[in-house]
Amino acid sequence: MKPVLSKNRKCRKISKIVRPVLALLFLCSMIFMTGCSRTSPRHLTDTDTAMGTVIIQQIYVDAAPRGFAASAPNEEEDITEEVLAHIRKLETETLSKRVKESEIFSINEEAGKGTTVPLSPGMEAILSQCLEISRASGGAFDITIGEVAGLWDIDTWAAMDDDTLNNHPTQYKLPNKDELSKALTLTGYEKLTLENQSIRMPEGMSLDLGAVGKGIALDEILTLLQEREVSGAVISVGGSILTYGEKPDKSPWRVAIADPDDRTGSIGVLNLTGQWCISTSGDYERYVEVDGIRYHHLIDPGTGYPARSGLSSVTILTKSGFLSDALSTACFVLGEEKGMELAKQYDVEAIFVREDGSISMTQGMQAYFHLSKPEK
Ligand code: AMP
Ligand code: MG
């Protein structure tokens, strides 16, 4: 279990991870609540942390029609709590490689010893979709990156609160070449076997679902919203955002794409109607700087080092959370040319921000994207 942070520490921690996300959401929903009649949807908001990131929810709940008793406000508030509880359950029971009770943790423990391990139907589906993306991306996306990602440990470093960082500024140690070469021998999706609802992998290999966890969460939240009296919602799980339904004034959802050069700003806004999933993978999200070099969390499985693909970020727009999240990581590692091909192959829309700040996008994206910053 993660230690529970005191309120102050929690606030600091939220503020460290939340800054870019808040900036994003500030632009994301300029929502007006004027002239609420008894039948106007109620507007519920919540900001909290889960999955090592910030969860921001804005949900419109249908009020009871005239003549019917309105549902109790605390029942409605439960929707934001329910969403949060659902994300935390997904993390602790299924996806987390750190929480001992999760399915991935026990797969890494048992299958990592070379044993064949039975899988839940849900996990089997997730893993086989991941393998499909690995094949399609020629291995740029690879959940067997666990040992290599563990050596970099950037997630832990990036999640530290400011006090810890200030008191231990030189604590971060880069992995050395020998360690990385050894970890790379324990990487490779083609060495993993999924059959008869079970998994087999080489001894010492470990899985990391960090590249798809937030997208999977969006897909599950969508199912939850569809089962409830929700008329519209925009929910952000770190770099992945779900839009659903409509705003009371029927104007489009506005989702800002962060500027990799200045995370408090944006390069532009997506105007979206109804249900969409938007995921961004960027070199500015989690990184550590050592001797002036930025080491970020998007690893090239070919080298074991952070991918240097000429890009600063990739944003994917599609209906599926899983696909948006998996493809944003895959396209970042692949770089613009091959990433563009992969996006077309999956029929998703994509925006590529190059290291020099210039951008390119799929043709279909032009209908949604509105530039807010002059191109360099
Ligand atoms: P995202 O922010 O969705 O792009 O996911 C980044 C996370 O995915 C990292 O923190 C790692 O846990 C994991 N990861 C890094 N590189 C890869 C890769 N090439 N393929 C699959 N997962 C990766
Ligand atoms: Mg991803």
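The structure under discussion appears in the preceding block.
Just so it is clear, the model here is predicted, and its values are computed rather than measured.

Take the overall build of the protein chain next. Broken down by element type, the protein chain carries 11 helices and 16 strands. Here the protein chain holds 376 residues, and 51% of them are scored as buried. For the protein chain, long-range pairs separated by at least 24 residues make up 64% of all intrachain contacts whose partners lie at least 6 apart in sequence. Summing over all exposed atoms, the protein chain offers an accessible surface of approximately 17,400 Å²; the carbon and sulfur share of this is 50%.

Another point: the packing of helix H4 (residues 121–136) against helix H10 (residues 321–334). Helix-helix packing: each pair is described by the crossing angle between the helix axes and the interaxial distance. Remark: H4 packs on H10, axes separated minimally by 11 Å, with the N-to-C direction vectors making an angle of 35 degrees. Once H4 is placed against H10, the crossing between them reads as right-handed. Judged by residue contacts, Ile 126, Gln 129, Cys 130 and Ile 133 of H4 engage Phe 322, Leu 323, Ala 326, Leu 327 and Ala 330 from H10. Taken together, the residues that form the contact of H4 with H10 break down as 8 nonpolar, 1 polar and no charged.

All right, on to the site of ligand 1 then. Taken together, the neighbourhood of ligand 1 is formed by 17 residues, with Ala 140, Asp 208, Ser 281, Ile 299 and Thr 329 sitting nearest. A distance of 3.3 Å separates an oxygen atom of ligand 1 from a polar atom in the side chain of His 297. Between an oxygen atom of ligand 1 and a side-chain N or O atom of Thr 329, the distance comes to 2.7 Å. For ligand 1, whose accessible area on its own is 500 Å², the fraction buried by protein is 97%. For the shell around ligand 1, the element with the highest residue contribution is H10, accounting for 3 residues. Residue composition of the shell around ligand 1, by class: 8 nonpolar, 4 polar and 5 charged.

With their axes 7 Å apart at the nearest point, helix H9 (residues 213–227) and H10 run at an angle of 165 degrees to one another. By the angle between their axes, H9 is roughly antiparallel relative to H10. When you trace H9 past H10, the crossing you get is right-handed. Residue-level contacts link Gly 213, Lys 214, Gly 215, Ile 216, Leu 218 and Asp 219 of H9 to Gly 321, Phe 322 and Asp 325 of H10. A breakdown of the residues in the contact of H9 with H10 according to their chemical character gives 3 nonpolar, 3 polar and 3 charged.

What follows covers the pairing of strand S6 (residues 230–237). With 8 of 8 residues buried, S6 lies mostly within the body of the structure. Relative to S6, strand S2 (residues 53–61) runs antiparallel, the two being bridged by 7 bridges. Bridging across to S6, Ile 59 finds its partner in Ala 233. By the bridge criterion, 6 bridges tie S6 to strand S7 (residues 240–245) in an arrangement that is antiparallel. From the neighbouring strand, Ala 233 faces S7, where its bridge partner is Tyr 244.

Turning our attention to the environment of Leu 194. Turning to its location among the elements, Leu 194 is positioned in strand S4 (residues 193–195). We classify Leu 194 as partly exposed; its relative accessible area is 23%. Look past the residues within four positions of Leu 194 in its chain and what remains in contact with it is Leu 119, Glu 124, Leu 127, Ser 128, Leu 131 and Ile 199.

Our focus in this paragraph is unusual backbone geometry. The phi dihedral of Met 51 is positive, around 55 degrees, even though this residue is not glycine. Relative to the helices and strands, Met 51 is located in the loop between strand S1 (42–50) and S2. Although it is not a glycine, Lys 250 adopts a positive phi angle of roughly 65 degrees. Residue placement: Lys 250 occurs in the loop between S7 and strand S8 (253–259).

Distances from the magnesium ion (ligand 2) to its protein donors, namely Ala 211 (O), Asp 325 (O), Asp 325 (OD) and Thr 329 (OG1), fall within the range 2.1 to 2.5 Å. Read N to C, the donor residues that coordinate the magnesium ion (ligand 2) are spaced as A-x113-D-x3-T. One end of the pair, Ala 211, is in the loop between strand S5 (198–200) and H9; the other, Asp 325, is in helix H10, and 114 residues separate them in sequence. For Asp 325, a relative accessible area of 4% translates into the label buried.

Cut-offs applied
Residues numbered from 1 in each chain as written. Chains lettered and ligands numbered in written order. Predicted model: local features only at pLDDT ≥ 70, side-chain atom pairs only at ≥ 80, totals over all residues. Heavy atoms only, no water. Helix = DSSP H or I, 4+ residues; strand = E, 2+ residues; numbered from the N terminus. Buried < 20%, exposed > 50% of the residue type's maximum accessible area, 1.4 Å probe, protein only. Contact = heavy atoms within 4.5 Å. Areas by Shrake-Rupley, 256 points an atom, 1.4 Å probe, with all protein chains shown as cover. Axes fitted to C-alpha atoms, helices over the stretch in contact; angles between N-to-C directions. Left-handed = near helix turned anticlockwise from the far one by under 90°. Nonpolar A, V, L, I, M, F, W, Y, C, P; charged D, E, K, R; others polar. Near = heavy atom within 4 Å. Polar contact = N/O pair within 3.5 Å; in protein donor to acceptor, adjacent residues only side chain to side chain. Parallel < 35°, antiparallel > 145°, perpendicular 65-115°, else oblique. Pairing = 2+ DSSP bridges. Donors = N, O, S within 2.8 Å, 3.2 Å for Na, K, Ca; no water.

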